[in-house]
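As a plain string of letters, each chain reads:
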Amino acid sequence: MFGFLLRRVAFLAPTFVGITVVAFGFIRILPGDPVLLMAGERGLTPERHAELLHQLGFDRPIWQQYLTYLGNLLQGDLGTSIITKNPVLGEFLTLFPATVELSLCAIFLAVALGVPAGVIAAVRRGSLLEQAMMGTALVGYSMPIFWWGLLLIILFSGILHWTPVSGRISLIYFFEPVTGFMLIDALLSGQEGAFGSALSHLILPSIVLATIPLAVIARQTRSAMLEVLGEDYIRTARAKGLSPLRVIGLHALRNALIPVITTIGLQVGVLLAGAILTETIFSWPGVGKWMVDSIFRRDYPAVQGGLLLIAGVVMVVNLVVDLLYGLINPRIRHQ
Amino acid sequence: MALLEIRNLSVEFDTTSGPFRAVDGVDLTVDPREVVAIVGESGSGKSVAMLALMGLLPDGATVTADRLTFEGEDLQRMPARQRRQVIGRDVSMIFQDPIASLNPCFTAGFQIGEVLQAHLGLGRRQRRERTLELLRLVGMPEPERRIDAFPHQLSGGMSQRVLIAMAIACRPKLLIADEPTTALDVTIQAQILDLLLQLRDETGMALVLITHDMGVVAETAERVVVQYAGQQVERQSVRGLFRAPHHPYTHALLAALPERAEGGRLPAIPGVVPGQGDRPAGCLFNPRCARADALCRSVAPPRLEPALGEALCHHPVREPLA
Ligand SMILES: Nc1ncnc2c1ncn2[C@@H]1O[C@H](COP(=O)(O)OP(=O)(O)OP(=O)(O)O)[C@@H](O)[C@H]1O
Ligand code: SF4
Ligand SMILES: [Mg+2]
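Keep in mind that what you see is a predicted model, and the values were worked out from it rather than measured.

1. So, the domain arrangement of chain A
Residue and element names in this part refer to chain A.
Then comes step 1: Taken domain by domain, chain A holds domain 1 (2–74) and domain 2 (92–334).
Then comes step 2: Just the C-alpha atoms count here: the centres of domain 1 and domain 2 sit 31 Å apart.
Then comes step 3: The interface of domain 1 with domain 2 comprises 22 residues on the first partner and 15 residues on the second.
Then comes step 4: Approximately 1,900 Å² of surface area, both sides summed, lies buried where domain 1 meets domain 2, with 79% of it carried by carbon and sulfur atoms.

2. Let's talk about the packing of helix α5 (residues 88–123) of chain A against helix α9 (residues 194–229) of chain A
All names here are of chain A.
Then comes step 1: The N-to-C vectors of α5 and α9 enclose an angle of 35°; their axes lie 6 Å apart at closest approach. The two elements α5 and α9 cross, and the hand of that crossing is right-handed.
Then comes step 2: A class-by-class count of the residues in the contact of α5 with α9 yields 25 nonpolar, five polar and two charged.

3. So, the coordination of the magnesium ion (ligand 3)
All names here are of chain B.
Then comes step 1: For the magnesium ion (ligand 3), the full set of protein donor atoms is S47 (OG) and Q96 (OE1), and the range of their distances to it is 1.9 to 2.6 Å. Highlighted residues: S47 in helix α1 (residues 46–54) and Q96 in the loop between β7 (91–94) and α3 (108–120), separated in sequence by 49 residues.
Then comes step 2: Judged by its relative accessible area of 19%, S47 falls in the buried class.
Then comes step 3: On the basis of relative accessibility, which here comes to 35%, the residue Q96 falls in the partly exposed class.

4. A closer look at the pairing of strand β8 (residues 174–178) of chain B
All names here are of chain B.
Then comes step 1: With five of its five residues buried, β8 lies for the most part within the structure.
Then comes step 2: Burial along β8 is two-sided: the residues L174, I176 and D178 and L175 and A177 are all buried.
Then comes step 3: The pairing of β7 with β8 spans four bridges and is classified as parallel. Paired with M93 across the bridge in β8 is I176.
Then comes step 4: You can see the chain leave β8, run along helix α7 (residues 186–203) and come back into strand β9 (residues 206–211), and the turn it takes is right-handed.

5. Some words on unusual backbone geometry
Residue and element names in this part refer to chain A.
Then comes step 1: Despite not being glycine, K85 has its phi angle at roughly 65°, a positive value.
Then comes step 2: Following the sequence through the fold, K85 ends up in the loop between α4 (62–74) and α5.
Then comes step 3: Of note, the phi angle at R298 is positive, near 50°, even though the residue is not glycine.
Then comes step 4: Position of R298 relative to the elements: it lies in the loop between α12 (287–296) and α13 (300–328).
Then comes step 5: Overall, R298 belongs to the buried group, its relative accessible area being 13%.

6. What about the UniProt feature "domain: ABC transporter" (unreviewed entry) in chain B?
Then comes step 1: In the UniProt entry, the feature "domain: ABC transporter" (unreviewed entry) is given for residues 6–254 of chain B.
Then comes step 2: Taken end to end, residues 6–254 of chain B is 39% helix and 27% strand, and its first and last C-alpha atoms sit 27 Å apart.

7. Some thoughts on the interface of chain A and chain B
Then comes step 1: The interface is formed by 22 residues belonging to chain A together with 29 residues belonging to chain B.
Then comes step 2: Taking both sides of the interface into account, the surface hidden between chain A and chain B amounts to around 2,200 Å²; carbon and sulfur atoms contribute 60%.
Then comes step 3: When the buried surface of chain A facing chain B is broken down by residue, R235, A239 and K240 of chain A rank first, second and third, together holding 26% of it.
Then comes step 4: The tally of links between chain A and chain B comes to two salt bridges.
Then comes step 5: The partner of E114 of chain B in a salt bridge is K240 of chain A, with the nearest N and O atoms 2.8 Å apart.

8. Some words on the site of ligand 2
Then comes step 1: As a matter of local geometry, ligand 2 sits amid 13 residues, with C283, C289, C296, C313 and H314 of chain B nearest to it.
Then comes step 2: Across the shell around ligand 2, the residue classes break down as eight nonpolar, four polar and one charged.

9. Side note on the pairing of strand β3 (residues 35–39) of chain B
Successive side chains on a regular strand alternate, one facing one side of the sheet and the next facing the other.
All names here are of chain B.
Then comes step 1: Counting buried positions along β3 yields five of five residues, so the element is predominantly enclosed.
Then comes step 2: By the alternation rule, side chains of β3 split into V35, A37 and V39 and V36 and I38, which are all buried.
Then comes step 3: For β3 and β9, the ladder comprises five bridges, and the chain directions are parallel. Opposite V39, over in β9, you have T211 as the bridge partner.
Then comes step 4: Where β3 lies against strand β10 (residues 223–228), four bridges are found, and the strand directions are parallel. If you follow V39 over to β10, its bridge partner there is V226.

Conventions and cut-offs
- Residues numbered from 1 in each chain as written.
- Chains lettered and ligands numbered in written order.
- Predicted model: local features only at pLDDT ≥ 70, side-chain atom pairs only at ≥ 80, totals over all residues.
- Heavy atoms only, no water.
- Domains from an automatic or database assignment.
- Contact = heavy atoms within 4.5 Å.
- Buried area = accessible area lost by both parts, 1.4 Å probe.
- Axes fitted to C-alpha atoms, helices over the stretch in contact; angles between N-to-C directions.
- Helix = DSSP H or I, 4+ residues; strand = E, 2+ residues; numbered from the N terminus.
- Left-handed = near helix turned anticlockwise from the far one by under 90°.
- Nonpolar A, V, L, I, M, F, W, Y, C, P; charged D, E, K, R; others polar.
- Donors = N, O, S within 2.8 Å, 3.2 Å for Na, K, Ca; no water.
- Buried < 20%, exposed > 50% of the residue type's maximum accessible area, 1.4 Å probe, protein only.
- Pairing = 2+ DSSP bridges.
- Right-handed = clockwise from strand over helix to strand, strands pointing away.
- UniProt positions renumbered as here; feature names shortened; annotations may be inferred.
- Salt bridge = Lys/Arg side-chain N within 4 Å of Asp/Glu carboxyl O.
- Near = heavy atom within 4 Å.

Here it is in structure tokens:
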């Protein structure tokens, strides 16, 4: 197990270097000049333009810029936003809890609905119910997120007025962030109605963000369950006179979860990508929206740092999933 | 009263190419302490018949029987919950492939203990004690260590012992052993068979033994049923069968045994058991039978009297084997 962990970590290093190249290169490939964008409508004299470019170091050869960037990285310096002049890491850390909160809610929703749906579809194989569920999953899987988000906003916020349109909590509440998680902070604040408000703001974005992972998890659970249900050891379990609930919910599901856990882990990357869109639709102040804003402003350091940090998060999560996989699969645990 | 009574059991599978009758009119009566063997080539419906009794067939299978009783209780009409109390406690089964039959995610001890919990309601401590006792009983080496082992850490023989421990955990009255030794090497085979017979002697349980191995039949069983293409083609005492098989199929099997009655697997006789598409009219054995005539090829044979091994045949063999 320890060797397994070591190999995984060793593998991360080159991946990380690759990501720095991509993060560094990506934003520079986009046309547009950060200095001009900063100046906005007012415009800029060519001398002032050159001076600013020089100040920011953007007039040096690209490889020099990259090496400087890498050197700073190694010292733990992710750079400073050229717009806000705040350290990139600080901005990221302030906004990250919002994204984590949204993503956790979404993945919770996706697992809590997707796994049971997949199990039921497998057990009721060939029934109308199964076809309906898998049809829905297919639709969810191919749902364009942006369109789906707008549709939900129009229906639930616009027409029905059930949920707010944007943000994390109603503006009538104000309290200092303690954990950065609005649900928890709202509870801690003790203000009446704050938790409810935070929750109602979370619902639609979570649904939107959960849609694709939910569909993927449901489909994966179903196919894993179908395979497991045909195994000899399921027959053994039934031959012991165990209840169907125990046979399916313990003996079958425990085995089916092994591939499903991997799928859930892979969904974290998908989730963070989805968060970028979802946060933009719902003006959710997380790192996704921040990335989009930074890209539009050509805030090179923010985009570089943000991409790197997000990639780091995905890698760490995948590592954790791998460990979890080893933990629930006895055959790996004992290697 | 017989322990188990099966009359006219049939199983039909609903397959993509139409219905397939894998078990056709099977009868079986088993008394306490009795050892009955079921022999037959691969695909003759031995496993399916016993799985039908256990209620373990998949949804695509239709089971019909005139009578299916255990200790006089009708298994077919019994509510599912009540049937589950019989299955696993009073009637249990061990399967053909021991390694695949254990759940890879749970320890041996857990999988045995589960039966004790489900049927006897034993608590954690008692379960562990009884599980260790069972593992010792089935001859598991180092039971204290193996109780916490996962299936991938066990050999085939050890897996089979775990399955047997599981099956006998509640002192069943009937144990169905589906080729319990096929997957194991020869020395282990003998140990497992001895173990099953010893359990029979000690607890008085009856044993239905499915096997390919005529040697196993000769050594362990009192009665034997020969199955072919889902039908029981001959039913006799073991001694009678080895002396004078009456159905041409059984006759061919025994005549071809290298050292008759002494052992060996089922010898190959030319041809294969007809599958779904190629079931002939008349007697199902006619394409492979030396005695087949026009009658055999058009009319299904009758069931003959016990003196002729209850053979399903128009022209039974009447002379004993040389
Ligand atoms: N679920 C199923 N669906 C369709 N056909 C099946 C199914 N299970 C078994 N059969 C068919 O039923 C027939 C009898 O199978 P069975 O497993 O009882 O044979 P067997 O006598 O136990 O053979 P073996 O000695 O190989 O174990 C075979 O032709 C098999 O293909
Ligand atoms: S009925 Fe005819 S074909 Fe069938 S076993 Fe008897 S002799 Fe052979
Ligand atoms: Mg079989």
